Amino acid sequence: MMRIFRRPLILTCVIAILHPFALHADMGSEINHLLAFIDASGCTFIRNGKSHDSMEAGDHIRRKYGHIKNRVKTAEDFIQYAATKSSMSGQSYQVICNGKKMATADWLIRELSRFRNRKEIAQ
């Protein structure tokens, strides 16, 4: 009787051990996607009242992410800590795409949702 339960128990233990690694891999792919999305957007980013092109914005957010990486557990954390507002002035980052101005955080959350939906459909 004990043999019957052994394999599911082992499988459950393996899944429990590997689950955090799978989440981390997903987070990494999501953050990499968001950074590539910023770079390729061609949008104008407003940071502390100054305009920056998408490549400058991507570089800035990458540098900022490098400093706060240990606090980031999800792609939403990445957006909150690296792409929402200036840590010096507290001013929100803005993005202008196709003549529309919006908060960078809202823009990235929307893209993250699209990315996740595409991934679900593909599976």
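Residues numbered from 1 in each chain as written. Predicted model: local features only at pLDDT ≥ 70, side-chain atom pairs only at ≥ 80, totals over all residues. Heavy atoms only, no water.

Here strand β3 (residues 94-97) pairs with strand β4 (residues 100-103) via 4 bridges, running antiparallel. Across the sheet, the residue bridging to V95 is M102, located in β4. Linking β3 back to β4 in an antiparallel pair, the connection comprises 2 residues, with N98 at a positive phi of about 50°. (Pairing = 2+ DSSP bridges. Helix = DSSP H or I, 4+ residues; strand = E, 2+ residues; numbered from the N terminus.)

Before going further, it helps to examine the side chain of E30. With respect to the element layout, E30 can be found in helix α1 (residues 2-41). Given a relative accessible area of 7%, E30 falls into the buried group. Residues contacting E30, with those up to four places away along its chain left out, are A75, L112, F115, R116 and K119. (Buried < 20%, exposed > 50% of the residue type's maximum accessible area, 1.4 Å probe, protein only. Contact = heavy atoms within 4.5 Å.)

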